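One letter stands for each residue in the lines below.
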Amino acid sequence: MIAIKDKMTEGITLRNLVSMTNGVVGLSILTMPYCFKECGLILGTLTLLFCALMTSYSCKLILRTIQMAKINSFEYLAYKTFGERGKLLIELCIILLLYGSLVTNQQALCDTGPAFVSKLFNLNEKTIPRSVFMLIFTLLISLPLALSKKLEALHSLNASAILFYFTFGLYLMWEAGFKLVNHEWIDKVRWWHFSGLLKCFPIFSISFSCQTVLFVVYGELENKDIIFNLSDLGIFISFICYFLTGIFGYLAYFDVPIYGNITYNIPTNFLTQLFLFGFIICVISGFPFIIYPCRTSLNTLLFSRIRFADI
């Protein structure tokens with residue numbers, strides 16, 4: 001039994017784990033305090049745990065299917081299962097989903113990027129137009145990342161993003177500690193607020209959306225069997241990041257209105273600038289996990305006759 005367990009975990013490296021975890025954690029981490037406020041501490045924790053477990057289960061179903069069919073992409077799997085129409089539907093769904101995620105990331109970056117640069121160089125925020133910043137960022141950062149062949153080349157960037165997530169969670173824990181000393185918070189916070197679940201459940205569920213990333217990580221593994229343990233570990237670490245940010249972000253600012261972006265609640269100082277920089281790094285590191293699957297779907301959509309001739 002020990003020998004089998006060692007064989008299953010053999011090959012899991014920090015590089016693989018960082019890539020998998022960063023493929024799960026996304027911009028939803030900034031909305032976790034708001035979701036915990038709307039749902040309450042207990043209901044928010046249970047909903048977050050439920051979404052993590054369902055994501056883990058769905059990933060296992062996908063992985064078992066592709067191993068049985070010996071196919072390593074959604075598009076190939078859809079073609080073999082449902083034919084040409086099923087493949088086309090899956091390709092369009094993946095492209096539209098990831099295009100929406102890409103627009104969201106670009107929008108979030110353009111909300112924080114000009115403000116960070118303006119404060120860094122003591123400039124007026126209107127000095128840097130959003131359109132100019134987006135154009136420069138797309139040409140100098142997004143496009144090179146989209147042309148990268150492997151995620152291994154982005155290991156340092158991914159590791160920095162994961163480190164920022166944990167640092168941000170620990171900062172919120174520190175801020176909440178000052179208010180936890182006073183036991184009055186027990187009667188003022190929400191513990192169970194069911195009416196907020198309908199509003200926040202989509203945010204909780206999309207926070208663990210990593211099914212398309214799964215194939216990207218799976219394709220770079222030498223030992224394919226470790227993907228089951230690797231995906232579970234990545235989802236678990238992501239759950240910890242979301243939980244720390246959500247529960248302690250809510251406890252730190254429960255007595256004031258909590259914005260959908262928790263960084264707006266942090267006082268403006270040097271620490272805010274540091275978090276903005278870390279947030280920019282996180283957004284940048286997430287682009288490859290959006291672009292790679294989208295690029296694959298576009299490739300199979302445009303060159304399907306060549307790719308699927310032998311299936």
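Parameters at a glance
- Residues numbered from 1 in each chain as written.
- Predicted model: local features only at pLDDT ≥ 70, side-chain atom pairs only at ≥ 80, totals over all residues.
- Heavy atoms only, no water.
- Helix = DSSP H or I, 4+ residues; strand = E, 2+ residues; numbered from the N terminus.
- Buried < 20%, exposed > 50% of the residue type's maximum accessible area, 1.4 Å probe, protein only.
- Areas by Shrake-Rupley, 256 points an atom, 1.4 Å probe, with all protein chains shown as cover.
- Phe/Tyr/Trp six-rings, centres within 6.5 Å; stacked < 30°, edge-to-face > 60°.
- Lys NZ or Arg CZ within 6 Å of the ring centre and 35° of its normal.
- Salt bridge = Lys/Arg side-chain N within 4 Å of Asp/Glu carboxyl O.
- Core = buried A, V, L, I, M, F, W, Y, C linked by side-chain atoms within 4.5 Å.
- Axes fitted to C-alpha atoms, helices over the stretch in contact; angles between N-to-C directions.
- Parallel < 35°, antiparallel > 145°, perpendicular 65-115°, else oblique.
- Left-handed = near helix turned anticlockwise from the far one by under 90°.
- Contact = heavy atoms within 4.5 Å.
- Expected span 1.5 Å × (residues − 1).
- Bend = angle between axes of the 7 residues up to and from the residue.
- Nonpolar A, V, L, I, M, F, W, Y, C, P; charged D, E, K, R; others polar.
- Polar contact = N/O pair within 3.5 Å; in protein donor to acceptor, adjacent residues only side chain to side chain.
- Disulfide = S-S within 2.5 Å.

Secondary structure assignment for the protein yields 13 helices and zero strands. Within the protein, the fraction of its 311 residues that count as buried is 48%. Summed over all atoms, the accessible surface of the protein reaches about 16,400 Å², with 68% contributed by carbon and sulfur.

The next subject is the packing of aromatic side chains. Within the structure shown, the criterion is met by five aromatic pairs. A ring pair is formed by Phe208 and Tyr242, whose centres lie 5.2 Å apart and whose planes are at 80 degrees; its orientation type is edge-to-face. Pair noted here: Phe208 is in the loop between helix H9 (197–207) and helix H10 (211–219) and Tyr242 is in helix H11 (residues 227–252), with a separation of 34 residues, a long-range link. The interplanar angle of 20 degrees and the centroid separation of 6.1 Å between the aromatic rings of Phe239 and Phe243 together place this pair among those described as stacked. One end of the pair is Phe239 and the other is Phe243, both in helix H11 and four residues apart, which spans about a single turn. The exposure class assigned to Phe243 is partly exposed, which follows from its relative accessible area of 23%. Following the ring pairs from residue to residue traces out a cluster consisting of Phe164, Tyr165 and Phe168. The ring of Tyr292 carries the charged tip of Arg295 above its face, separated from the ring centre by 4.8 Å.

As a further point, take the pattern of salt bridges. Summed over the entire model, instances satisfying the criterion amount to four salt bridges. A salt bridge links Lys199 to Glu38, with the nearest nitrogen and oxygen atoms 3.4 Å apart. Taken as a pair, Lys199 in helix H9 and Glu38 in helix H3 (residues 32–39) lie far apart in primary sequence, 161 residues in all. Overall, Lys199 belongs to the partly exposed group, its relative accessible area being 46%. Of the residues examined, Glu38 reaches a relative accessible area of 12% and is grouped as buried. Between Lys60 and Asp232 there is a salt bridge; the shortest N-O distance is 2.4 Å. You can see Lys60 sitting in helix H4 (residues 41–69) and its partner Asp232 sitting in helix H11, a full 172 residues away along the chain. Classification of Asp232 by relative accessible area gives partly exposed; the value is 26%.

Looking now at the nonpolar core. Core analysis: the biggest nonpolar cluster contains 86 residues, and Tyr165, Phe204, Phe208 and Ile227 have the highest contact counts within it. For this core, the element with the highest residue contribution is H11, accounting for 14 residues.

Packing of helix H7 (residues 155–180) against helix H12 (residues 270–302) brings their axes to within 9 Å, and their N-to-C directions diverge by 140 degrees. Taken together, H7 and H12 sit at an angle that is classed as oblique. The crossing of H7 and H12 is left-handed. Of H12, the residues touching H7 (which contributes Leu157, Asn158, Ser160, Ala161, Phe164, Tyr165, Phe168 and Tyr171) are Leu271, Phe275, Gly278, Phe279, Ile281, Cys282, Ile284, Ser285 and Phe289.

Bringing H7 into the picture now. Here H7 contains 26 residues, and its C-alpha end-to-end distance of 37 Å stays within 8% of the 38 Å for a straight helix at 1.5 Å per residue. Listed as buried for H7 are His155, Asn158, Ala161, Ile162, Phe164, Tyr165, Phe168, Gly169, Tyr171, Leu172 and Ala176.

Next up on the list: helix H6 (residues 130–146). Along its length, H6 shows its largest kink, about 45 degrees, at Thr138. Along H6, the residues classified as buried are Phe133, Phe137, Ser142, Leu145 and Ala146.

Following both chains from N to C, one finds H4 and H11 inclined at 165 degrees, their axes separated by 10 Å at the closest point. Classified by the interaxial angle, the pair formed by H4 and H11 is roughly antiparallel. Relative to H11, H4 is oriented so that their crossing is right-handed. In this structure, H4 contributes Leu41, Thr45, Leu48, Leu49, Ala52, Thr55, Ser56, Cys59, Lys60, Leu63, Arg64 and Gln67 to the contact, and H11 contributes Ile227, Phe228, Ser231, Asp232, Ile235, Phe239, Tyr242, Phe243, Ile247, Tyr250 and Leu251. Here the contact of H4 with H11 is composed, by residue class, of 15 nonpolar, five polar and three charged.

In this section: the environment of Glu75. Along the chain, Glu75 falls in helix H5 (residues 74–120). Considering only alpha carbons, one finds Glu75 and Leu89, 14 residues apart in sequence, at a separation of 9.3 Å.

The next subject is the side chain of Ser238. On the secondary structure map, Ser238 appears in helix H11. Only 2.8 Å separates the side chain of Ser238 from the backbone oxygen of Gly234, close enough to count as a polar contact. Residues contacting Ser238, with those up to four places away along its chain left out, are Thr21, Val24, Val25 and Phe208.

Within the structure shown, the criterion is met by zero disulfides. Of all cysteine sulfurs, the one in Cys200 lies closest to Cys39, which takes part in no disulfide; the gap is 4.2 Å.

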